[in-house]
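Observations on chain architecture
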Amino acid sequence: MKVMITVLMCLLIWSSSLVFGQSIFEDRKIIILDAGHGGIDSGAVSNNGLQEKNVVLDIVRYMKNWNKNLLESKYDIYLTRNRDTLISLDDRTKLVKHIKPDVFISLHCNHINNPEIKGVELYTYDNNELSLSYGKAILNALKLNLGFKTKNPKHANFQVLRETTGYCPAVLIELGYLSNSNESNYLNNKENRKVLALVILMAI
Ligand SMILES: [Zn+2]
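The structure displayed is predicted, hence computed values, not measured ones.

**Here we look at helix α3 (residues 89-99)**
Residues spaced three or four apart along an α-helix face the same direction, because each turn holds 3.6 residues. Among all positions in α3, only Arg92, Thr93 and Val96 are buried. Down the axis of α3, the buried side of the element spans an arc of 90°, and every buried residue falls inside it. Set apart from the buried face of α3 by more than 90 degrees, the exposed residues are Asp90, Asp91, Lys97 and His98. Its buried side turned inward, α3 meets β1 (30-35), β3 (103-110) and α5 (159-162).

**Things to note about the pairing of strand β2 (residues 76-79)**
Relative to β2, β1 runs parallel, the two sharing 4 bridges. Within the sheet, the bridge partner assigned to Ile30 lies in β2 and is Asp76. Regarding topology, helix α2 (residues 52-69) serves as the crossover connection from β1 to the parallel β2, and that connection is right-handed.

**A short note on the nonpolar core**
Among the nonpolar cores identified, the biggest contains 47 residues, and Leu33, Met63, Leu107, Ile138, Val171 and Ile173 are the most heavily contacted of them. Taken together, the elements giving at least two residues each to this core come down to β1, α2, β3, β4 (121-124), α4 (129-146), α5, β6 (170-177) and α7 (190-203). Sorting elements by how many residues they give to this core places α7 first, with 8 residues. Residues within four places of Leu107 in sequence aside, it is in contact with Leu33, Asp34, Ala35, Gly36, Val56, Ile59, Val60, Ile173 and Leu175.

Parameters and conventions
Residues numbered from 1 in each chain as written. Predicted model: local features only at pLDDT ≥ 70, side-chain atom pairs only at ≥ 80, totals over all residues. Buried ≥ 20, exposed ≤ 12 C-beta atoms within 10 Å, placed from the backbone. Helix = DSSP H or I, 4+ residues; strand = E, 2+ residues; numbered from the N terminus. Arc of directions from axis to C-beta. Contact = placed C-beta atoms within 7 Å. Pairing = 2+ DSSP bridges. Right-handed = clockwise from strand over helix to strand, strands pointing away. Core = buried A, V, L, I, M, F, W, Y, C linked by C-beta atoms within 7 Å.

Note that every value here comes from positions in space, so none of it alone points to a role or purpose.
Here is the structure:
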């Protein structure tokens, strides 16, 4: 709790200086946040029933709220879904192609048969410099502010990355393993999701 409050305070001070330093004529950066799965597709499920679709939806909503309430809507944020519905991968990428944001971020949680495995993983489609720099910034922030175990960005041929890569920098984050009890307990807590949302938003 103490660590969380310190993180929040630091980010608050940092963000307010950014907001004041920004020209009012500057174009707002556009971000599309993609909460994976939804509706009948719950994604990964932890032993105690925590569903990936709900965790990631909560986090993108908190990111949108932080942007509005803390950053005075510094960014233009679009969500591929803002409730518990299943949106096809095609429709998610169509939105990105139409809006051509400054960055596209897809959020997921991992699951594997081995309950010991944990950590955050991040994927880009290729070596696009901007995608990699967004990815590294997010991983660093999660590691430094929250002590997450992270690895270097990896490449993956996921549809939401493959089809958006010509349009904007794009990353897909697996925010820990729901099959690991430490990480699923962490993600099961609303306050932790709020902090995660803030850390990711500030990294961008
Ligand atoms: Zn997923």
